[in-house]
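If you want the building blocks of each chain, they are given just below.
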Amino acid sequence: MQKEFVNTVNKLIIDQYYENQNEIRDFFDRTTMNEYVALKEISNHCPGDKIYLKDLADAMQISYQKLSEIIAPLSDKGYVTWTHDGHGENGTYLIITQDGLDLLESQEAYLKDFYSRVIQIYGKDKLFQLLSLIKELQDVVKEQTGGKNNGQK
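Quantities reported herein were computed from a predicted structural model and do not represent experimental measurements.

Conventions we followed
- In this convention, every chain numbers its residues from 1, walking through the sequence in written order.
- The model is predicted, so local features are restricted to residues of pLDDT at least 70 and side-chain atom pairs to those at 80 or more, both for listing and for counting; the totals for chains, interfaces and linings are taken over all residues.
- Computation of side-chain values covers all heavy atoms of the structure but excludes hydrogens and water.
- When two rings of Phe, Tyr or Trp (its six-membered ring) have centres within 6.5 Å they constitute a pair, described as stacked for plane angles under 30 degrees, edge-to-face for angles over 60, and tilted for the intermediate range.
- The numbering of helices and of strands both runs from the N terminus, where a helix is a DSSP run of H or I of at least 4 residues and a strand a run of E of at least 2.
- Note on classification: 1.4 Å probe, protein chains only; a residue is buried when its accessible area is under 20% of the maximum for its type, exposed when over 50%, partly exposed between these limits.
- Salt bridges are defined by distance alone: a side-chain nitrogen of Lys or Arg within 4 Å of a carboxyl oxygen of Asp or Glu.
- Strands are treated as partners if at least two bridges between them are detected by DSSP.
- What makes two residues a contact is simply this: any of their non-hydrogen atoms within 4.5 Å.
- To obtain an axis, a line is fitted to C-alpha atoms, over the contacting stretch when the element is a helix, and the angle between two such axes runs from 0 to 180 degrees between their N-to-C directions.
- As used here, the arc belongs to the directions running from the helix axis to the C-beta atoms.
- Residues belong to a common nonpolar core when they are buried Ala, Val, Leu, Ile, Met, Phe, Trp, Tyr or Cys residues joined through side-chain atoms within 4.5 Å.
- Exposure above 30% relative accessible area and the absence of a salt bridge qualify a residue for a patch, where like charges join within 9 Å and nonpolar side chains (Val, Leu, Ile, Met, Phe, Trp, Tyr) within 5 Å.
- Only the protein chains shown count as cover for residues, and all accessible areas are computed by the Shrake-Rupley method using a 1.4 Å probe.
- The predictor attaches a confidence to each residue, and that confidence, scored 0 to 100, is pLDDT.

*Asks:* Just give me the short version of the packing of aromatic side chains, but keep the residues and values in it.
*Replies:* In this description, a pair of aromatic rings is defined by centroid distance and the angle of the planes. Evaluation of the coordinates by the stated rule reveals two aromatic pairs. Look at Tyr-52 and Tyr-93: their rings are 5.8 Å apart centre to centre, the planes differ by 70°, and that puts the pair in the edge-to-face class. Note that Tyr-52 is positioned in strand β1 (residues 51-52) and Tyr-93 in strand β3 (residues 92-96), a separation of 41 residues in sequence. Accessibility expressed as a relative area gives 26% for Tyr-52, which makes it partly exposed.

*Asks:* Give a description of the pattern of salt bridges that names residues and reports values.
*Replies:* Scanning the model with the defined rule gives four salt bridges in all. Linking Glu-108 and Lys-40 is a salt bridge whose minimum nitrogen-to-oxygen distance equals 2.5 Å. Of this pair, Glu-108 sits in helix α5 (residues 98-122) while Lys-40 sits in helix α2 (residues 33-43), and the two are 68 residues apart along the sequence. Classification of Lys-40 by relative accessible area gives partly exposed; the value is 32%. Here Asp-58 makes a salt bridge to Lys-54, at a shortest N to O gap of 3.1 Å. Taken together, the positions of Asp-58 and Lys-54, both in helix α3 (residues 53-60) and four residues apart, correspond to about one turn of that helix. A relative accessible area of 54% means that Lys-54 is categorised as exposed.

*Asks:* So, the sheet that holds β3: which residues are in play, and what are the values?
*Replies:* Strand order in the open sheet formed by three strands is β1-β3-β2, with antiparallel pairing between adjacent strands. The open sheet is flanked by β1 and β2 (80-84), the only strands paired with a single partner. Contacts between helix α4 (residues 64-76) and the sheet are confined to β2 and β3, with β2 contributing the most and set at about 125° to the helix.

*Asks:* Hey, could you go over α2 for me, with residue numbers and the actual values?
*Replies:* All of the buried residues in α2 are Glu-35, Tyr-36, Ala-38, Leu-39 and Ile-42. Viewed end-on, α2 has its buried residues packed into an arc of 165°, placing them on one side of the element. Looking at the buried residues of α2, the elements they touch are β1, α3, α4, β2, β3 and α5.

*Asks:* Explain the nonpolar core residue by residue, including any values.
*Replies:* Of all hydrophobic cores here, the largest spans 21 residues; its most connected members are Leu-39, Ile-42, Leu-56, Leu-67, Ile-71 and Leu-94. If you list the elements that add at least two residues to this core, you get α2, α3, α4, β3 and α5. Non-local contacts of Ile-71, meaning those with residues more than four positions away in its chain, are made with Ala-38, Ile-42, Leu-56, Val-80, Trp-82 and Leu-94.

*Asks:* A description of a nonpolar patch on the surface should follow, citing residues and the corresponding values.
*Replies:* A cluster of nonpolar residues, Tyr-122, Phe-128, Leu-130, Leu-131 and Ile-134, forms a patch on the protein surface that exposes about 430 Å² of accessible area. When residues of the nonpolar patch are assigned to their parent elements, the largest contribution, four residues, is made by helix α6 (residues 124-144).

*Asks:* So what's going on with the pairing of β3? Residues and values would help.
*Replies:* Sheet topology places β1 next to β3; two bridges connect them, and they run antiparallel. Of the residues in β3, the one forming a bridge with Ile-51 is Leu-94.

*Asks:* Give me the confidence of the model for the protein chain: which residues, what numbers.
*Replies:* Summary statistics for the protein chain give a mean pLDDT of 82 and a share of 78% for residues scoring 70 or more. Ranking the elements of the protein chain by mean pLDDT puts helix α1 (residues 3-27) last, at 64, and α4 first, at 95.

If you want it as structure tokens, here you go:
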């Protein structure tokens, strides 16, 4: 591989890392990206249905410990109910609350507004083409890494 290509890819990765560190934190107005993803995954179950922490950790491709760090503030703020079956030996699970559903709704409205502005500037067709190419690239990278999540779990 040419050195120039490797340098360009490295710069892109590092720039994206710093961009994410500076921007994603502030991208949502009431939650972090990890909290949003967790709430979204939990909400995929019918209101009132539970999802076990193990299943959520598997879905998010993170460790149980990392998930607990994400869920604790959501529970403290009343966005999820964190409880267990029996005396805990039968599994720990989460249920999204109405406040959690309301938070998701407000964050999704925020995203819709944000991406509406992006589409106006960048163009819908160009954006969908770019997203398709990114997905294609992700699939190739996943194939080349054997589907591993590079140590995140």
